[in-house]
Amino acid sequence: MRLPKNSNDARHVCHRDNTRAQKFRFNLEGKAFSQQFSKFYEARLKKTSPRLESLATQKWGSDIPIRQVCHVVSGETCILIGTIFKEMKLQPSVLKELSDDLNLLPQPIRDNYTSEDDVLYLEDMLQRIVLVGDIVGDELVTGVNIAVKGVEREDNPGHFTVEDICFLNLSPCLPPSGTEESEVLLVCGLEFGGAKATQLSLQLLSDYVSGGLGETEDVSKICRVIIVGDSVGKEVHDKDQHYKAKYLTKNIIAGSVDAVKQLNSYIENLTQHIPVTIMPGEYDPSNYTLPQQPLHPCMFTDTTGRLETAPNPYECEIEGTHILGHSGQPTNNIMKFSKLKSSSQVLRKCLEWGHIAPTAPDTLASYPYSEDDPFVIESCPHLFFAGNQNNLEAEYFTQGDGRCLCLALPKFSETGICVKVNLKTLAWEPICFSVGPM
């Protein structure tokens, strides 16, 4: 698949912040899997507790004491800071399925695991307590750090009656300082080798980016293409081959090899015209746990130096615009374990919670961090995106003069849609290359 050369490609050049663009905080320096996941939750709570304590004091005053769960006094109004644990009877459990004593059948696969019997707990590093009262459990998931004000009533010991809650509630940043001539193009779910990949749609996208469709003035504002995961189709992964004897598969070339070759050819042509950042997704040849590490450079034959292989999640700063996003796994997982219905709503909640992937490592596979939690959002981005969602959704989160665009991207292989975002105004525009049946 070759792109037409455009000799008049006078594309705007982005200025990038190397501290965010090249020194990824989601890159793993060392990989040790011997530590327990409890250390992960401790690191998260240690990192967020000072901010939650400050916000709780501002909201409720310094007269109300902040207690540890083990020091709660019955009948005393106090503030607790800890991590939400959501006990869900429908949540898949390997222990339940393997239990010989219970003789249980494998649990059915569900789209959502919430029920009326779910119980909320707040736990710190020493103890946990049941939360009741003025708190909506349907919109919370395990792993969210929160401050609650309330009381343990004498007639209901072991239960903390919540009167009010306080999240990290990140404030949107001031408008970015970039030039209005700069835009980024976000696309996800190219799915090379997959059953839904459409070569004509892919060709139209590449022709558009290169200026081959004639809209050179409009396209010249795009300074970077960000490919948000799932560039390889899930159909290329033949799990049956893993269970066959090696002599039966030694002459068989894995379908992922051909898919990666197609992806390489496509990106090689794109980088002739524009810088490209590519993130791994759930079905791409990278590690399964978050954060997924950048796709290996040996997969690509980039000769222009314009290809950037990035981790998932990904964070950068372009033209003063703080960009943060992931390939969709955290959003999809949160929707399974809460009653949040839309991807943009989940993104907005993540900003409220101050965390990219709160359900990791409970129901979302993650590296077992012990000293730090890099998924904690320390400052609100200007653009917060999630790839590979069911629908295209966008929602602005505004507060004062600050604004953040929460953007959910659908798979290109299914919809033919990519999205342009202006780096200064945060205005967004979908572009559709869908090809219907002839």
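Everything that follows concerns the structure shown earlier in this document.
The paragraphs below set out a description of the structure included in this document. No experiment lies behind these values; they were computed from the predicted model shown.

Digging into the overall build of the protein chain
Step number 1: Along its length, the protein chain carries ten helices and 17 strands.
Step number 2: For the protein chain, contacts bridging at least 24 residues in sequence account for 73% of all contacts bridging at least 6.
Step number 3: About 20500 Å² of surface is accessible on the protein chain, with carbon and sulfur atoms providing 49% of the total.

Observations regarding the nonpolar core
Step number 1: Counting 49 residues, the largest nonpolar core has Leu-80, Leu-131 and Trp-353 as the members making the most contacts within it.
Step number 2: Ranked by the residues each element gives to this core, the list is headed by helix 9 (residues 343-353), at five residues.
Step number 3: If near-sequence neighbours (up to four positions away) are discounted, Leu-131 is found in contact with Ile-84, Leu-120, Tyr-121, Leu-122, Val-148, Phe-160 and Val-162.
Step number 4: Core analysis: the next-biggest nonpolar cluster, separate from the first, contains 31 residues, Leu-185, Leu-190, Leu-202 and Ala-259 among them.

Re the sheet that holds strand 12 (residues 321-326)
Step number 1: Across the sheet, which stays open at both edges, the five strands sit in the order 11-12-13-15-14 with mixed pairing between neighbours. Pairing within the sheet leaves two strands with one partner each, and these edge strands are strand 11 (314-318) and strand 14 (393-399). Across this sheet, the average inter-strand angle for adjacent strands is 15°, counted without regard to direction.
Step number 2: Bridging between strand 14 and strand 15 (residues 402-410) involves seven bridges; their strand directions are antiparallel. Bridging across to strand 15, Tyr-396 finds its partner in Leu-405.
Step number 3: Relative to strand 13 (residues 383-389), helix 8 (residues 329-336) is tilted by about 75°, and along the sheet it contacts strand 12 and strand 13.
Step number 4: Where helix 9 meets the sheet, it contacts strand 12, strand 13, strand 14 and strand 15, and its direction lies at approximately 140° from that of strand 15.

A word on the packing of aromatic side chains
Two measures describe an aromatic ring pair: the distance that separates the ring centres and the angle between the ring planes.
Step number 1: Across all of its chains, the model carries nine aromatic pairs by this definition.
Step number 2: Relative to Phe-375, the ring of Tyr-369 lies with its centre 6.2 Å away and its plane at 90°, an arrangement referred to as edge-to-face. The exposure classification of Tyr-369 matches that of Phe-375, with both residues buried.
Step number 3: Through pairs of rings, three or more aromatic residues link up here, namely Phe-26, Phe-40, Tyr-367, Tyr-369 and Phe-375.
Step number 4: Lying across the ring of Phe-85, Arg-128 places its NZ or CZ 4.4 Å from the centre.

Let's talk about the pattern of salt bridges
Step number 1: What the rule picks out here adds up to 16 salt bridges.
Step number 2: A salt bridge links Lys-59 to Asp-164; its shortest N-O distance comes to 3.7 Å. Within this pair, whereas Lys-59 is found in helix 2 (residues 38-60), its partner Asp-164 is found in strand 6 (residues 159-166), the two being separated by 105 residues in sequence.
Step number 3: Look at Asp-164 and you get partly exposed, because its relative accessible area is 26%.
Step number 4: Lys-420 is the salt-bridge partner of Glu-183, the closest N and O atoms lying 3.5 Å from each other. Placement of Glu-183 in strand 7 (residues 183-187) and of Lys-420 in strand 16 (residues 417-422) is noted, with a sequence separation of 237 residues between them. In terms of burial, Glu-183 and Lys-420 fall into one category: buried.
Step number 5: One salt-bridge network, in which partners are shared between bridges, spans Lys-47, Asp-372 and Glu-378.

Points about the side chain of Asn-422
Step number 1: Secondary-structure assignment places Asn-422 in strand 16.
Step number 2: For Asn-422, a relative accessible area of 10% corresponds to the buried category.
Step number 3: Within the structure, Asn-422 has its side chain in polar contact with the backbone nitrogen of Lys-424 (distance 2.9 Å).
Step number 4: Among the polar contacts listed, one links the side chain of Asn-422 to the backbone nitrogen of Thr-425, at a separation of 3.0 Å.
Step number 5: Excluding anything up to four places from it in sequence, Asn-422 contacts Glu-180, Ser-182, Glu-183 and Ala-427.

Each value, and the rule that gives it
Residues numbered from 1 in each chain as written. Predicted model: local features only at pLDDT ≥ 70, side-chain atom pairs only at ≥ 80, totals over all residues. Heavy atoms only, no water. Helix = DSSP H or I, 4+ residues; strand = E, 2+ residues; numbered from the N terminus. Contact = heavy atoms within 4.5 Å. Areas by Shrake-Rupley, 256 points an atom, 1.4 Å probe, with all protein chains shown as cover. Core = buried A, V, L, I, M, F, W, Y, C linked by side-chain atoms within 4.5 Å. Buried < 20%, exposed > 50% of the residue type's maximum accessible area, 1.4 Å probe, protein only. Pairing = 2+ DSSP bridges. Axes fitted to C-alpha atoms, helices over the stretch in contact; angles between N-to-C directions. Phe/Tyr/Trp six-rings, centres within 6.5 Å; stacked < 30°, edge-to-face > 60°. Lys NZ or Arg CZ within 6 Å of the ring centre and 35° of its normal. Salt bridge = Lys/Arg side-chain N within 4 Å of Asp/Glu carboxyl O. Polar contact = N/O pair within 3.5 Å; in protein donor to acceptor, adjacent residues only side chain to side chain.

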